[in-house]
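# Breakdown of the fold
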Amino acid sequence: MANDAKYVYFFGDGQADGATDMKNLLGGKGANLAEMTNIGLPVPAGCTLTTEVCTYYYANDRQYPPELKSQVNEAIGKIEKVMGAEFGSKTNPLLVSCRSGARESMPGMMDTVLNIGLNDETVLALAKQTNNEAFAWDSYRRFIQMYGGVVLDMKPKSKNDEDFFEGILHKTKEKSGVKFDSDLTAEQLQGLVADFKAVIKQQTGVEFPSDPYDQVWGAIGAVFGSWMNDRAMVYRRQYGIPHEWGTATNVQAMVYGNLGDDCATGVGLTRDCALGVPGFNGDYLINAQGEDVVAGIRTPKRIEKTLVEEMPDAFEQLQNIGKTLEQHYKEVQDIEFTVQRGNVWMLQTRNAKRTGFAAVRIAVDLVNEGLITPEEALQKRRIPADDLNQLLQPVFDVAEKSRAESGGKLLATGINAGPGAATGQICFHASDAEAVIEEDPDAQLILVRRETSPEDLRGMRIAKGILTAFGGASSHAALVSRQMGKVCVVGCSSLEIDYHEATVRVGDKVLKAGDWISVDGFTGEVFEGKVVTSPSEVIEVLVHETKKPEESETYQRYEQLMTWVDEHRKLRVRTNSDQPDQAIEAVAFGAEGIGLCRTEHMFFEHLDEIREMILAETQESRKLALDKLLPFQREDFAGLFRAMNGRPVTIRLLDPPLHEFLSHRHLEEQPELGHKLSDMLDVSLDVIHRRLDELHEENPMLGHRGCRLGVVYPEITAMQARAIFEAACLVNKEGIEVHPEVMIPLAGFLTEFKHQEEVVREQAKAVFAETGAEVEFLVGTMIEVPRAALTADQIATGAEFFSFGTNDLTQTALGMSRDDYGGFIGDYQENDIIPADPFQTIDQDGVGRLMKLGVDGGRSTRSDLKIGICGEHGGDPASVMFCDGIGLDYVSCSPRRVPVARLAAAQAALERE
Ligand code: PEP
Ligand code: MG
């Protein structure tokens, strides 16, 4: 069998052994060189040594399979024939390159050797043939330099090591008084060749090999060897590329972009990948070799601007090649080419990387051009669902951001909790923010906090962005920001915030209130100073209504894409909203209901009343305080029912521990508050402090909260339920359909659920009797502790729907506080302990398993049980796909993630088909 193994695949003269679907064997570059040859594009002949050679090489003590040599020799024979030249010929020499090419591109990580085949004799032939002595000697000296560095290991390893070749080159240029390599004469280049060879002998003890076959085997060994070099291994670890894959090696006839002014070399895109604008574009250099374009020694020119005048023929060839490639691959291509004496040669093609913005435009355009189907446009590899965010939020101007990066303005990186880009002046307190905005309504502010609490809501609402030092992806700051559609970075642990001094320190930099910073909620990066942003046209049309649909092509493409999305998805998408304005925005983004209204957020507008309720010592006085809250709650719920106009609205009863509304911290931060409360309630300060001691919890997230509050204080549940039903009847009378769904938080026992359900139903009955109206409603529960998932069959005997609260389910299943994990999660990811932040993407093996148990258990009792998810994972594409897989009915997420969830749901459905 081993004797039959094919290790070398030839391509040339319109025919190739390989094809594009053989990437695993031939690597990306090899497979596409073969494919381009097969479809008739001009590709210099060559051959690919497969990835199996690489795996064999490492499994066999760096030996090659025995049949490799004859297969390579045979392929070189074919290359000679196609190119009409001979390897080592003293009159008509063939020169080849040797390049790596793995399955996934690993840009610049492995080695390349060019101009193989040159020696003291062939160089003369090349000079004669090209009638260009300087070119021939320059090629020779480049070859020796590359070979010495790559094959003979003479490249400097650290910044203190000497670069022998560059040193000699530099001296020669200095001596000759020239600035550029290209200004050296043939004689000077010849001198360099001799000097390079001498330094090789001196440093390695061996002569530079003059036999072309020795040269090519040296280069092949170096390329396979570079698969295991340090930087390639680091790169693979970072991008999850298995070491076992190995690289292929391509040996290919050389073509020259540096023979004179009718030659060029370049890299291009078949359409622009920043914004997606159609048309060939890219960089090129006249009279240069490939590496010169990327090396940055000479500034390349733009293909779309000047090539059409400088080389009209080549420009036209490239345009046609671009069209052929797009027709064939049905994707935008990123190519490398060389123009030799007016003829274009293709050296590489691959699917181009693009921004999210371009991804949408390209996918929609390709459908409209008839190249792909709408189903193909929706593929995850074409538009990763999260990329839609780039259309829905302001983004940093690309050039401005890279200027900030290269200018050393990056201050810190935290957890990317709310997408978008924001720039503004630092502000540490909500009250300061309000004062600034009152003076100047157009002021741009970034609220910078250690963490946020209910008090900060007013500040968050008017700030452009929110930045916190602590907390994770489901912390208060993160979920409130997302709900408000604000840019947010949390858990930025290198920030040292001093509220008293009004400063934030990062390392040795100190910024003050009023200083400008910029935060990137896509990446978690925080920059010092202003970085210019541009607004989202989709938001201008859908939310602000400052643009009409017909004025924005971006919006029109978004709309077209979302129509296809809705034709394919099975999962419904709801939103987490507590306010009518958020709900209206979510509906504009396509939300089909409210999956979670966190009622506590409404209380933050009425802190006096809730604090009175908290400080009440008896049930009577608590009821009196609750009576004051009732009308506010009723109005809030009525507003939501109206905004949702007949769509279902899930309202969760009070959840957070009461100390979130009143604690010693509040009294410390606002000294006047204690006196105000003591006057208002006519109790002493001591009484207030005693009550706060009772409320204090070390771990704020797993104590007296959720339905446990309602069990101890059923009057709170009763007030909320009454408000819900009064509002429902009121709005219903206005002629608007209502579908309230009352949701009990944090239940783990059927009995907890039943206790609360009874209070809710009693109120419904009472309100219906009082108003003479009646509305249909459901009572269901959140599944957010493991016990609820494990006993879902029991809980479903009472609950009419489930909604997975995966924020709490993650923290309780993992035993990892959602507020405190920011300090170590980065290290966990870097050390491959966990693949992703479990508060952003569902931990499928653990939390996901509990969810599956919950679904199966619940539906074993009630086969048509409606099940959704309202944790922050409901807007995360990978989690949405998982939810589709386990049969949920809907996901619920913050308003601006609704389109992302819709797209992810369509992708899940299409992948399942
Ligand atoms: C949850 O726990 O997932 C949830 C939605 O509730 P909250 O984030 O309000 O605790
Ligand atoms: Mg919860």
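Before going into details, it helps to say that this report is about the structure given with it.

Cut-off values and rules
- Residues numbered from 1 in each chain as written.
- Chains lettered and ligands numbered in written order.
- Predicted model: local features only at pLDDT ≥ 70, side-chain atom pairs only at ≥ 80, totals over all residues.
- Heavy atoms only, no water.
- Helix = DSSP H or I, 4+ residues; strand = E, 2+ residues; numbered from the N terminus.
- Buried < 20%, exposed > 50% of the residue type's maximum accessible area, 1.4 Å probe, protein only.
- Contact = heavy atoms within 4.5 Å.
- Areas by Shrake-Rupley, 256 points an atom, 1.4 Å probe, with all protein chains shown as cover.
- Lys, Arg positive; Asp, Glu negative; His and termini not counted.
- Charge placed at Lys NZ, Arg CZ, Asp CG, Glu CD.
- Donors = N, O, S within 2.8 Å, 3.2 Å for Na, K, Ca; no water.
- Phe/Tyr/Trp six-rings, centres within 6.5 Å; stacked < 30°, edge-to-face > 60°.
- Lys NZ or Arg CZ within 6 Å of the ring centre and 35° of its normal.
- Salt bridge = Lys/Arg side-chain N within 4 Å of Asp/Glu carboxyl O.
- Axes fitted to C-alpha atoms, helices over the stretch in contact; angles between N-to-C directions.
- Parallel < 35°, antiparallel > 145°, perpendicular 65-115°, else oblique.
- Left-handed = near helix turned anticlockwise from the far one by under 90°.
- Nonpolar A, V, L, I, M, F, W, Y, C, P; charged D, E, K, R; others polar.
- Pairing = 2+ DSSP bridges.
- Core = buried A, V, L, I, M, F, W, Y, C linked by side-chain atoms within 4.5 Å.
- Patch = residues over 30% accessible without salt bridge, like charges linked within 9 Å, V, L, I, M, F, W, Y side chains within 5 Å.
- Near = heavy atom within 4 Å.
- Polar contact = N/O pair within 3.5 Å; in protein donor to acceptor, adjacent residues only side chain to side chain.

Scanning the protein chain for helices and strands turns up 38 helices and 34 strands. Over its C-alpha atoms, taken along the principal directions, the protein chain stretches across nearly 105 × 60 × 55 Å. By the burial criterion, 56% of the 913 residues in the protein chain qualify as buried. A fraction of 69% describes how many contacts in the protein chain between residues 6 or more apart in sequence connect residues 24 or more apart. Of the roughly 37,800 Å² of accessible surface on the protein chain, a fraction of 49% belongs to carbon and sulfur atoms. In the protein chain, which carries 92 positive and 140 negative side-chain charges, the distance between the mean positions of the two groups comes to 3 Å.

Before going further, it helps to spend a moment on the coordination of the magnesium ion (ligand 2). Every protein donor of the magnesium ion (ligand 2) is accounted for by Glu784 (OE) and Asp808 (OD), and the metal-donor separations fall at 2.0 to 2.2 Å. You can see glutamate 784 sitting in the loop between strand 31 (778–783) and helix 32 (786–790) and its partner aspartate 808 sitting in helix 34 (residues 806–814), a full 24 residues away along the chain. The buried category is assigned to glutamate 784, whose relative accessible area is 2%.

The next subject is the packing of aromatic side chains. Within the structure shown, the criterion is met by 21 aromatic pairs. Considering the side-chain rings of tyrosine 57 and tyrosine 64, the 5.2 Å spacing of their centres and the 20 degrees angle between planes classify their relative orientation as stacked. Overall, the relative accessible area of 24% leaves tyrosine 64 in the partly exposed class. Every member of this aromatic cluster is reached through a ring pair, and the members are Tyr57, Tyr58, Tyr64, Trp217 and Phe224. Here lysine 530 stacks its cationic end above the ring of tryptophan 516, 4.3 Å away from the centre of that ring.

Here we take up the side chain of glutamate 612. Position of glutamate 612 among the secondary structure elements: in helix 24 (residues 607–615). The exposure class assigned to glutamate 612 is buried, which follows from its relative accessible area of 16%. Not counting residues within four places of it along the chain, the set of residues in contact with glutamate 612 comprises Ala625, Lys628, Met680 and Leu681.

It is worth spelling out the pattern of salt bridges at this point. Under the counting rule described, the total for this entry stands at 63 salt bridges. A salt bridge links lysine 6 to aspartate 17, with the shortest nitrogen-to-oxygen separation between them at 3.1 Å. In this pair, lysine 6 is assigned in the segment before strand 1 (8–12) and aspartate 17 in the loop between strand 2 (15–16) and helix 1 (23–38), connecting sequence segments eleven residues apart. Relative accessible area serves as the criterion here: at 37%, lysine 6 is assigned to the partly exposed category. Measuring nitrogen to oxygen at the nearest pair gives 2.8 Å for the salt bridge that ties aspartate 566 to arginine 902.

A separate point is the packing of helix 13 (residues 356–368) against helix 21 (residues 553–568). Angle between the axes and distance between the axes: these two values describe a pair of packed helices. Between helix 13 and helix 21, the shortest axis-to-axis distance is 10 Å and the interhelical angle comes to 70 degrees. Here helix 21 runs roughly perpendicular to helix 13, going by the angle between their axes. The way helix 13 lies across helix 21 gives a crossing that is left-handed. On helix 21, the residues touching Phe357, Val360, Arg361, Val364, Asp365, Val367 and Asn368 of helix 13 are Glu553, Thr554, Arg557, Gln560, Leu561 and Trp564. Grouping the constituent residues of the contact of helix 13 with helix 21 by class yields six nonpolar, three polar and four charged.

This part covers the sheet that holds strand 13 (residues 343–351). Within the open sheet, the five strands sit side by side as 11-10-9-12-13. Their pairing is antiparallel. For this open sheet the edge positions go to strand 11 (301–302) and strand 13, each flanked by a neighbour on one side alone. Sheet analysis places strand 9 (residues 264–271) next to strand 10 (residues 278–286), joined by seven bridges and oriented antiparallel. Among the inter-strand pairings, alanine 264 is bridged to a residue of strand 10, identified as isoleucine 286. Each of strand 9, strand 10, strand 11 and strand 12 (333–340) is contacted by helix 11 (residues 303–310), which is oriented at about 65 degrees to strand 10, the strand it contacts most. Strands strand 9, strand 10, strand 12 and strand 13 of the sheet are contacted by helix 12 (residues 312–329), whose axis makes an angle of about 30 degrees with strand 13.

On to the environment of proline 374. Residue position: proline 374 is located in helix 14 (residues 374–377). Accessibility expressed as a relative area gives 23% for proline 374, which makes it partly exposed. Once the C-alpha coordinates of proline 374 and alanine 16 are considered, the two residues, 358 residues apart in sequence, prove to be 32 Å apart. For proline 374, the residues in contact, after removing those within four places along its chain, are Val367 and Trp564.

Next up on the list: the nonpolar core. Tyr558, Phe641, Met851 and Leu888 are the most contacted members of the largest nonpolar core, which totals 151 residues. When residues no more than four places from it in sequence are discounted, the contact partners of leucine 888 are Leu571, Phe804, Met851, Val855, Arg859, Ile867, Gly868, Ile869 and Cys883.

This part is about the packing of helix 24 against helix 27 (residues 671–681). Across the interface, helix 24 lies against helix 27 with an axial gap of 11 Å and an inter-helix angle of 70 degrees. Here helix 24 is positioned roughly perpendicular relative to helix 27, judged by the angle of their axes. Across from Asp608, Arg611, Glu612 and Leu615 in helix 24, the residues of helix 27 making contact are Leu673, Lys676, Leu677, Met680 and Leu681. Tallied by class, residues from the contact of helix 24 with helix 27 come to five nonpolar, no polar and four charged.

As a further point, take the sheet that holds strand 16 (residues 415–418). With respect to topology, eight strands assemble into an open sheet ordered 15-25-24-17-18-19-20-16, the strand pairing being mixed. Each edge of the sheet is formed by a strand with only one pairing partner; in this case those strands are strand 15 (410–413) and strand 16. Here the strands of the sheet are splayed against their neighbours by 30 degrees on average, with no regard to which way each runs. Bridge count for strand 24 (residues 516–520) against strand 25 (residues 525–528) is four bridges, and the pairing is antiparallel.

Together, Glu438, Glu439, Asp440 and Asp442 make up a negatively charged patch on the protein surface. By the element assignment, glutamate 439 lies in helix 17 (residues 430–439). Judged by its relative accessible area of 73%, glutamate 439 falls in the exposed class.

This part is about the site of ligand 1. Arg598, Arg652, Gly805, Asn807 and Arg818 are the nearest of the 15 residues found near ligand 1. In this structure, glycine 805 approaches ligand 1 through a main-chain N or O atom, which is 3.3 Å from an oxygen atom. Note that an oxygen atom of ligand 1 is positioned 2.7 Å from one of the side-chain N or O atoms of arginine 818. Listed by contribution, the elements that provide at least two residues to the shell around ligand 1 are strand 28 (594–598) and helix 34. Split by residue class, the shell around ligand 1 holds four nonpolar, four polar and seven charged.

Bringing the environment of asparagine 229 into the picture now. If you trace the backbone, asparagine 229 turns up in the loop between helix 8 (212–226) and helix 9 (230–239). Relative accessible area serves as the criterion here: at 17%, asparagine 229 is assigned to the buried category. Expressed as a C-alpha distance, the spacing of asparagine 229 and methionine 110, which sit 119 residues apart in the sequence, is 7.7 Å. At a separation of 3.3 Å, a polar atom in the side chain of asparagine 229 contacts the main-chain amide nitrogen of arginine 231.

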